Amino acid sequence: MHSRRSFLQKIGWATASVPFVNLGMNQFSAKPLSGEKPLRVALMGLGGYAGRVAEAIQNCKRVKITGLISGTPEKLQRWGAKYNVPEESRYNYENFDAIGSNANIDAVYVITPNALHHNHTIRAAKAGKHVICEKPMAVSVKEGEEMVASCQKANVQLLVGYRMHFEPHTLEVIKMRHEGEFGKITFFQGLCGFRIGDPTQWRLNKDLAGGGALMDIGIYAINGCRYMVGEEPAWVTAQETKTDPVKFKKGVDETIMFQFGFESGVTASCLSTYNMNNLDRFFLNGEKGFAEMRPSTGYGPIKGKTHKGEINAPVVVHQTVQMDEMAAILLDGKKPLVPVDGLEGLQDLKIIEAIYKAAATGKKIALK
Ligand code: NDP
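The rules behind each value
Residues numbered from 1 in each chain as written. Predicted model: local features only at pLDDT ≥ 70, side-chain atom pairs only at ≥ 80, totals over all residues. Heavy atoms only, no water. Helix = DSSP H or I, 4+ residues; strand = E, 2+ residues; numbered from the N terminus. Rg over C-alpha atoms; globule rule 2.2 N^0.38 Å. Buried < 20%, exposed > 50% of the residue type's maximum accessible area, 1.4 Å probe, protein only. Near = heavy atom within 4 Å. Polar contact = N/O pair within 3.5 Å; in protein donor to acceptor, adjacent residues only side chain to side chain. Areas by Shrake-Rupley, 256 points an atom, 1.4 Å probe, with all protein chains shown as cover. Nonpolar A, V, L, I, M, F, W, Y, C, P; charged D, E, K, R; others polar. Domains from an automatic or database assignment. Core = buried A, V, L, I, M, F, W, Y, C linked by side-chain atoms within 4.5 Å. Contact = heavy atoms within 4.5 Å. Buried area = accessible area lost by both parts, 1.4 Å probe. Salt bridge = Lys/Arg side-chain N within 4 Å of Asp/Glu carboxyl O. Pairing = 2+ DSSP bridges. Right-handed = clockwise from strand over helix to strand, strands pointing away.

Undergrad: Run through the overall build of the chain, naming residues and quoting values.
TA: Broken down by element type, the chain carries ten helices and 15 strands. In terms of overall dimensions, the chain is globule-like: its C-alpha atoms have a radius of gyration of 20 Å, near the 21 Å expected for 368 residues. Judged by the C-alpha coordinates and their principal axes, the chain covers about 60 × 50 × 35 Å. Counting only residues that meet the buried cut, the chain has 57% of its 368 residues in that class.

In structure tokens form, the structure reads like this:
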């Protein structure tokens with residue numbers, strides 16, 4: 001059994017009832033919870049994932065839902081009643097710019113389809129609210145850059161909903177890598193995909209999704225590769241296959257295999273697909289050991305083993321821990337072990353664009 005003493009004890013998982021990762025950038029030192037001031041969040045886009053986030057927030061130590069933004073009046077009424085959000089803090093997409101004068105809202109959590117993130121984030125920032133934006137942060141590098149610039153100009157923070165950055169099994173592997181347990185890293189494999197259903201959903205509409213599987217699920221392999229290897233890729237090659245051009249129209253990728261090379265000599269091989277199940281696996285190899293996670297990015301429980309045995313880390317509700325940690329980032333200036341800011345989201349967009357270019361041209365695309 002892989003011992004978790006060195007990491008988990010240091011970061012305070014002994015007090016596992018506290019759903020707080022408590023990792024300081026500077027070597028995992030425990031930081032006291034401030035605990036007093038809650039982060040007051042307005043959820044925007046009351047769909048499937050927002051429902052999961054809303055339920056997870058009910059168990060947060062310091063996050064409250066104090067606003068709702070939706071295009072569906074019936075949802076505003078139902079969610080408002082369920083989560084005790086008063087009518088004056090319920091908005092639609094036309095009038096939510098007025099959120100600036102609502103003193104009970106600190107941040108807007110944008111959980112709308114990908115292509116709407118840019119407009120929704122910039123408007124929330126202009127209203128003077130911090131923004132948590134779902135992945136992918138936007139559908140192009142240009143949009144991502146504009147979002148970062150707008151938030152900087154408005155003097156608000158921009159975070160991206162990378163829930164895995166706070167997941168204990170994931171953090172244990174990252175910590176082991178920091179401690180040299182795997183030796184020099186040599187290889188990463190990330191397999192991310194599922195068979196997508198309803199052909200009419202926005203995820204299969206390029207105008208709303210910005211692409212296909214890569215934007216939605218392949219991004220986990222990209223982002224995961226970066227936090228598992230601990231280095232930015234220097235180049236990418238990619239190959240696209242499509243078995244169903246009716247369901248996966250032009251610009252909506254069904255399956256893309258992509259490979260990264262790193263300056264250190266590490267290589268990575270990843271698969272992104274909307275047409276295969278049972279793909280949720282990370283494998284990190286080093287000269288002295290390995291880590292294998294399966295499932296690696298699903299809602300959990302995340303499971304993993306290393307050359308030392310099973311990773312025995314706490315099982316948490318990802319979104320509960322994510323939101324409490326984001327409260328600490330936004331309100332206390334806490335630095336997470338793996339960044340979740342706009343630049344982190346932008347880096348994934350740069351890699352996504354390079355993968356699409358590599359797949360379209362058959363060329364090796366430099367990333368630096
Ligand atoms: P859903 O389709 O379930 O919900 C999206 C919601 O956005 C809708 O219910 C609707 O809410 C609102 N919306 C506004 N405009 C539109 C439009 N033109 N078409 C459709 N919906 C619209 O999607 P998800 O909740 O699954 O995904 C939303 C975002 O969250 C995506 O960016 C996705 O990538 C991300 N996500 C992240 C996950 C994670 O683990 N981090 C997991 C799942 C999704 P309303 O009626 O209230 O306006």
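Having seen the structure, we can now continue with the description.
Undergrad: Account for the site of the ligand, naming residues and giving values.
TA: Close to the ligand lie 26 residues, the nearest being S70, T72, K75, Y93 and R163. Y49 places a polar main-chain atom, nitrogen or oxygen, 2.8 Å from an oxygen atom of the ligand. Here an oxygen atom of the ligand and a side-chain polar atom of S70 are 2.6 Å apart. The fraction of the free accessible surface of the ligand (890 Å²) that becomes covered by protein chains is 80%. At the level of elements, α2 (48-57) and α8 (213-229) are the ones that each hand at least two residues to the shell around the ligand. The residue makeup of the shell around the ligand, split by class, is ten nonpolar, ten polar and six charged. Looking at which domains feed residues into the shell around the ligand, each of domain 1 (31-161) and domain 2 (164-317 + 337-366) gives three or more.

Undergrad: Before we move on, could you go through the nonpolar core and cite the residues and values that matter?
TA: Core analysis: the biggest nonpolar cluster contains 108 residues, and L43, Y109, F188, F258, F260, L284 and I355 have the highest contact counts within it. At twelve residues, α8 tops the list of elements feeding residues into this core. For this core, the domains that each give at least three residues are domain 1 (31-161) and domain 2 (164-317 + 337-366). Ignoring sequence-local partners within four residues, the contact set of F188 consists of A221, G224, C225, M228, V229, T267, A268, S269, C270, F282, F283 and L284.

Undergrad: Before we move on, could you go through the environment of K129 and cite the residues and values that matter?
TA: Summarising the element assignment, K129 is placed in the loop between α4 (117-126) and β5 (130-133). Counting along the chain gives 89 residues from K129 to R40, while the straight-line C-alpha distance between them is 10 Å. A polar contact is formed between the side chain of K129 and the backbone oxygen of N102, at a distance of 2.9 Å. There is a polar contact of 2.6 Å between the side chain of K129 and the backbone oxygen of I105.

Undergrad: Describe in detail the domain arrangement of the chain, supporting the description with residues and values.
TA: Entries for the chain in the domain assignment read domain 1 (31-161) and domain 2 (164-317 + 337-366). Taking the mean C-alpha position of each, domain 1 and domain 2 sit 26 Å from one another. At the interface, 20 residues of domain 1 touch 20 residues of domain 2. A buried area of about 1700 Å², summed over both sides, lies between domain 1 and domain 2, and 70% of it is on carbon and sulfur atoms. Inspection of the domain 1/domain 2 interface yields one salt bridge. With a closest N to O distance of 3.3 Å, K135 and D216 form a salt bridge. At the junction of domain 1 and domain 2, the tally comes to seven residue pairs in polar contact (both at pLDDT 80 or more). If you tally residues by element for the side of domain 1 that touches domain 2, the top one is helix α5 (residues 141-154), at four residues. Looking at side-chain class alone, the side of domain 1 that touches domain 2 contains 14 nonpolar, three polar and three charged residues.

Undergrad: Run through the pairing of β5, naming residues and quoting values.
TA: Because side chains alternate across β5, one face comprises the buried residues H130 and I132, and the other comprises V131 and C133, equally buried. Relative to β5, strand β4 (residues 107-110) runs parallel, the two being bridged by four bridges. Following the sheet pairing, A107 is matched in β5 by H130. Taken together, β4, α4 and β5 form a β-α-β motif whose crossover is right-handed. As judged from the three bridges shared by β5 and strand β6 (residues 158-160), these two strands associate in the parallel manner. Looking across to β6, one finds that V131 is bridged to L158.

Undergrad: I'd like to hear about the pattern of salt bridges, residue by residue, with values.
TA: Scanning the entire structure with this criterion turns up 16 salt bridges. K175 is paired through a salt bridge with E179; the nearest N and O atoms lie 1.9 Å apart. On the accessibility criterion, E179 (36% relative accessible area) is partly exposed. Residue R226 pairs with E344 through a salt bridge whose shortest N-O separation is 3.1 Å. On the criterion of sequence distance, the pair formed by R226 in helix α8 and E344 in helix α10 (residues 342-361) is long-range, its members being 118 residues apart. Considered together, R226 and E344 belong to a single accessibility category, that of buried residues. A single salt-bridge network, built from bridges that share partners, covers R226, E232, E344 and D348.

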